[in-house]
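# Inside the fold
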Amino acid sequence: MGDDRSRVDNDFSGRSGAVVQAGLIQGDVNLRTVTETPLPSPRQLPPATKGFIDREVHIQQLDSLLDEVELITDKARLPVVTISTISGSAGVGKTALAVHWAHRVRERFPDGDLYINLRGYDAVPPLTPHEALDGFLRAMDVPAEKVPRDLHDRTALYRSLTTGRRMLILLDNAATAEQVRPLLPAAPSCMVIITSRSRLSGLAVRDGAIRAVLDVLSRQDATRLLRVTIGAERVDRQPASVARLIALCSHLPLALRIVADRARLDEERPLGELVEELAAEESRLDALAVEDDDLSAVRTVFSWSYQALRAEMARMFRLVGLHPGADVALDAAARLAGLAPSVARRHLESLVGLHLLTRSGPHRFRLHDLLRLYAMERATLDESPEAVHAARERLLRWYLHHTYAAYRAILPQGRPLPGVEVPPDATLDDALRWCEHERLNLLDVIRAAPEWGHHRLGWQIALASMAFFERRSYWKAWIDSHLAGLVCARHLGDRRAEGWLLLSLGDAWWDRGDLDEARRCYAGSLDAAQDVGDAWTTGYALRGCGLVDEDRGDFAEATRYAREALLTFRRLGEERGTGLALMSLGNAQRGAGRFAEALVAYDDAMTVFERLRNRWSQALVALHRGQTLLHTGEHAPALAAVTSAAALFRELGDRRHAALARAYEGDAHLRLHQPHAARKALAEALLTLLELDDPLAADVQRRLAALDHAHDDLHAHDDTAAATDQQGEQDDG
């Protein structure tokens, strides 16, 4: 049921009873250190295209815009960010122009550059602004736990971080104005370049964007490109053949570069022979051309180049096209083709050399969206349905292997996936690093699984990826992946898998504070689990229902569910569940005011977690125990308990719970009439919660305010008493 943390956050959600309230920080605490921490300058631009042929008019337009930005920004007269959109048809060179210009001027943006492919017209779903901002914020050194969940809050934080900085933001392959508008910084010192097949008129009207429409290359520029890539002397010798090549390539830079690479393979071959081959290929492919076909302008060139590949390279090209994500890792490509990574690398590097593939990072490759469409077309034509099915299965099993390894590293006491081979142990850092590299692809793969007919692998990958999505707070991906997994489980009629997925989905909604959705999922999970006699899911679903009731203040129902879950876990021999149910029982009893019973439940839970060596849960039990002791008036033991919890949370790297425990230390110090220590503990807790953008910071602020007001009232009383005594002395005199 996720990691222990996901099962206890409601105690600090602001909806339960014993929460610390605080107010304004006063005294010696300095909050400026949060905003003064220097941020690194991100540099995210992809490599520039070699042999770029200047689009002189557009380059000059962008240069003049930048000059204006710098001039007016220096005079502090520019009120808004400068935006330029570059639109045009597929393959016309929009990205190449934007990246080429960005590399020319990046030194004029000392605070960094941000780049993202919004996938507006790719075969995979476009990135949402929510997902894009997540990547930008992390690139700007915002910790995962501090990235806000809400799109509005993410936009606000992004604009705050870019204010006062001179940055270049390149938003590539946008679909709509709505997709990019939340990604626009507010700082006039920043500049945004947007590429799209659409003109994005809304940005021009509402946001003042300067539009540039990129057409195909002129004959003169196309000839210049061929002279640079093939050789000036060779091109100048054969003007008629060059003109025909340009026409057959529809004046598109992408197609011209592919033809040029083919021509360079045989320096002595007349260009006229290439023209004849292309013309013959065009006639052969006429039957594939349809109205509104994105490939119609370049299919001839793609096919001509593809047919010249060695058989093993051609197979690699078309199988890479089957990958549903935005890019593909070397190992994933090797698995698709059933090859050793060293062999796959040779083929991939050769495809890069022929402009049929580009590098997107270390050991990662990407297909241009038109080439992806063509590769998928070739896979359909040149591979048997059985071979395609097998390649996709190999890919899905590769993803399952790695996501399950991450699951086991993050949740070592989590429930094993039935029927899945146990992967070798992975370190937590390695597992999280792999998941981050594949984060955007994971959801694409899970969504593709049912379309490919691999329903069982689909729900298994969804469940295995839960641990990563939860640990890094990727709430939308967690929910969307499980909704796709549910489609797979229900298609198979697998009620056991359905119950488990609904349970995890309930955890996600509960973590987000949506109690209605969480309750529906927990109830559905309980029904499915009881239908098939799945005691493990039954126990955790019962506990989930109790968590919702506890948050709603119905402690009688919360107690009943906790007892049912406890009985279920004990019958099953599920020790971790037993410890969690005991902790839930203690929380419900504490909420109902039955403090002695709550303490007994916590002691029993602690015994379980000590036996399991689950130190994080031990810290949590100590924190709950300390809270309860505060209610019973045992302030010194309460302070000892929450202090030990804070220390263990810090040791385990959980800053949020360490701060919450520190806040309860402040409460204990206050009860022990130690206001200075109380103020220090609450202020330190508040500082961390503010850094984490945690909503509970407001509660700690109110608590500090109450403490400070009480301190001021006490001083006012002392001053009044002193004045009265002084007046009395004067009267006596």
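This structure is a prediction, so every number in the text was calculated from the model and none was measured. (Residues numbered from 1 in each chain as written. Predicted model: local features only at pLDDT ≥ 70, side-chain atom pairs only at ≥ 80, totals over all residues. Heavy atoms only, no water.)

## Observations regarding the overall build of the protein
Regarding its fold elements, the protein presents 33 helices and eight strands. Counting the 733 residues in the protein, one finds 56% classified as buried. Summarising the internal contacts of the protein: among those between residues at least 6 apart in sequence, 70% fall at separations of at least 24. Here the protein displays about 30800 Å² of accessible surface, and carbon together with sulfur accounts for 51% of that area. (Helix = DSSP H or I, 4+ residues; strand = E, 2+ residues; numbered from the N terminus. Buried < 20%, exposed > 50% of the residue type's maximum accessible area, 1.4 Å probe, protein only. Contact = heavy atoms within 4.5 Å. Areas by Shrake-Rupley, 256 points an atom, 1.4 Å probe, with all protein chains shown as cover.)

## Focus: helix H22 (residues 475-492)
The end-to-end C-alpha distance of H22, which contains 18 residues, comes to 26 Å, matching closely the 26 Å that a straight helix rising 1.5 Å per residue would cover. Of the residues making up H22, those classed as buried are Trp-475, Ala-477, Trp-478, Ile-479, Asp-480, Ser-481, His-482, Ala-484, Gly-485, Leu-486, Cys-488 and Ala-489. Buried residues in H22 make contact with helix H20 (439-452), helix H21 (455-471) and helix H23 (495-511). Positioned one or two residues after H22, Gly-493 has a phi angle of 70 degrees, which is positive. (Expected span 1.5 Å × (residues − 1).)

## Describing the sheet that holds strand E8 (residues 364-366)
Reading across from one edge, E6-E8-E7 is the order of the three strands in this open sheet, with antiparallel pairing throughout. Single-partner strands in this sheet number two, and they are strand E6 (328-329) and strand E7 (358-361). Across two bridges, E6 lies against E8 in antiparallel orientation. Within E8, the residue paired with Val-328 across the bridge is Phe-365. (Pairing = 2+ DSSP bridges.)

## Topic: the packing of aromatic side chains
Counted according to the given criterion, the structure contains 16 aromatic pairs. Judged by centre distance (5.4 Å) and plane angle (50 degrees), the ring pair of Phe-468 and Tyr-474 falls under tilted. Tyr-474 shares its class with Phe-468; the two are buried. Taken together through their ring pairs, the aromatic side chains of Phe-302, Tyr-306, Phe-317 and Tyr-374 make up a single cluster. If you follow Arg-415 out to its NZ or CZ, it ends over the ring of Trp-500, 4.7 Å from the centre. Directly above the ring of Tyr-561 sits Arg-560, whose terminal nitrogen or CZ lies 4.5 Å from the centroid. (Phe/Tyr/Trp six-rings, centres within 6.5 Å; stacked < 30°, edge-to-face > 60°. Lys NZ or Arg CZ within 6 Å of the ring centre and 35° of its normal.)

## Topic: unusual backbone geometry
Positive phi is not limited to glycine here, since Arg-119 has a value of about 60 degrees. Within the element layout of this structure, Arg-119 appears in the loop between strand E2 (113-117) and helix H4 (129-139). The buried category is assigned to Arg-119, whose relative accessible area is 5%. Despite not being glycine, Arg-613 shows a phi value in the positive range, around 60 degrees. Relative to the assigned elements, Arg-613 resides in the loop between helix H28 (595-612) and helix H29 (615-631).

## Description of the pairing of strand E4 (residues 191-196)
Of all six residues in E4, six are buried, a share of seventy percent or more. Side chains of E4 alternate between two faces, with Met-191, Ile-193 and Thr-195 and Val-192, Ile-194 and Ser-196 buried alike. The pairing of strand E1 (residues 82-87) with E4 spans six bridges and is classified as parallel. Its bridge partner being in E4, Ile-83 is matched across the sheet by Val-192.

## Observations regarding the pattern of salt bridges
Under the defined criterion, the tally for this structure stands at 46 salt bridges. With a closest N to O distance of 2.8 Å, Glu-684 and Arg-662 form a salt bridge. With a gap of 22 residues between them, Glu-684 in helix H32 (residues 675-691) and Arg-662 in helix H31 (residues 655-671) connect regions that are remote in the sequence. Overall, Glu-684 belongs to the partly exposed group, its relative accessible area being 35%. Look at the salt bridges and you will find they share partners, linking Asp-134, Arg-138, Arg-154, Glu-436 and Arg-439 into a network. (Salt bridge = Lys/Arg side-chain N within 4 Å of Asp/Glu carboxyl O.)

## Structural notes on the nonpolar core
Residues Trp-101, Ile-193, Phe-317, Leu-417 and Phe-649 are the most contacted members of the largest nonpolar core, which totals 180 residues. A per-element tally of this core places helix H18 (residues 385-410) first, with 12 residues. Apart from residues lying up to four places away in sequence, Phe-317 is in contact with Tyr-306, Leu-351, Leu-356, Leu-367, Leu-371, Tyr-374 and Ala-375. If you look at the next biggest cluster of nonpolar residues, it comprises 30 residues, including Leu-133, Met-140, Leu-183 and Leu-184. (Core = buried A, V, L, I, M, F, W, Y, C linked by side-chain atoms within 4.5 Å.)

## Considering helix H10 (residues 239-248)
Listing the buried residues of H10 in full gives Ser-241, Val-242, Leu-245, Ile-246 and Leu-248. For H10, the buried positions fall inside an angular range of 165 degrees around the axis, keeping them on one side. Residues of H10 that are exposed and point more than 90 degrees away from the buried face comprise Pro-239 and Ala-240. Looking one or two residues past H10, Ser-250 carries a phi angle of roughly 55 degrees, positive in sign. (Arc of directions from axis to C-beta.)

## Some remarks on the sheet that holds E4
Pairing between the strands of a sheet comes from backbone hydrogen bonds, and it takes one of two forms, parallel or antiparallel. Strand order in the open sheet made by the five strands is E2-E3-E4-E1-E5, with parallel pairing throughout. The two strands at the open ends of the sheet, each matched to only one other strand, are E2 and strand E5 (210-213). When the angles between neighbouring strand axes are averaged without regard to direction, this sheet yields 15 degrees. Pairing of E1 with E5, which is carried by four bridges, proceeds in the parallel orientation. Each residue of the ladder has a partner; that of Thr-85, found in E5, is Arg-211. (Axes fitted to C-alpha atoms, helices over the stretch in contact; angles between N-to-C directions.)

## Considerations on the environment of Asp-327
Here Asp-327 shows up in the loop between helix H14 (311-320) and E6. Considering only alpha carbons, one finds Asp-327 and Asn-441, 114 residues apart in sequence, at a separation of 7.7 Å. In this structure, Asp-327 is in contact with Ser-360, Arg-364, Phe-365, Arg-366, Arg-372 and Asn-441, ignoring residues within four places of it in sequence. A distance of 3.0 Å separates a polar atom in the side chain of Asp-327 from a polar atom in the side chain of Arg-364. (Polar contact = N/O pair within 3.5 Å; in protein donor to acceptor, adjacent residues only side chain to side chain.)

## Re the packing of helix H27 (residues 575-591) against H28
Pairs of packed helices are described in terms of their axes, by the angle between the two and the distance that separates them. Packing of H27 against H28 leaves a shortest axis separation of 8 Å and a crossing angle of 160 degrees. If you check the angle between H27 and H28, you find them roughly antiparallel. For the crossing formed where H27 meets H28, the hand is left-handed. For the pair formed by H27 and H28, the contact residues are Glu-575, Arg-576, Thr-578, Gly-579, Leu-580, Leu-582, Met-583, Gly-586, Asn-587, Gln-589 and Arg-590 on the first element and Phe-595, Glu-597, Ala-598, Ala-601, Tyr-602, Asp-604, Ala-605, Val-608, Phe-609, Arg-611 and Leu-612 on the second. (Parallel < 35°, antiparallel > 145°, perpendicular 65-115°, else oblique. Left-handed = near helix turned anticlockwise from the far one by under 90°.)

## A closer look at the confidence of the model for the protein
Per-residue pLDDT for the protein averages 83, and the proportion of residues at 70 or more is 85%. Counting interchain partners and residues more than four positions distant, the pLDDT-below-50 stretch residues 1-38 has 120 contacts. A low-confidence stretch, residues 714-733 (pLDDT under 50), is modelled with zero contacts involving residues beyond four sequence positions or located in other chains. (pLDDT = per-residue confidence, 0-100.)

## Brief notes about the environment of Ala-467
In this structure, Ala-467 sits in helix H21. Beyond its immediate stretch of four places on either side in the chain, Ala-467 contacts Tyr-407, Ile-410 and Leu-411.

## With respect to the environment of Ala-508
Relative to the helices and strands, Ala-508 is located in helix H23. Looking at Ala-508, the relative accessible area reads 0%, which means it is buried. Distance in space between the C-alpha atoms of Ala-508 and His-482 is 9.7 Å, their sequence separation being 26 residues. The contacts of Ala-508, once residues within four sequence positions are left out, are Trp-478 and Ile-479.

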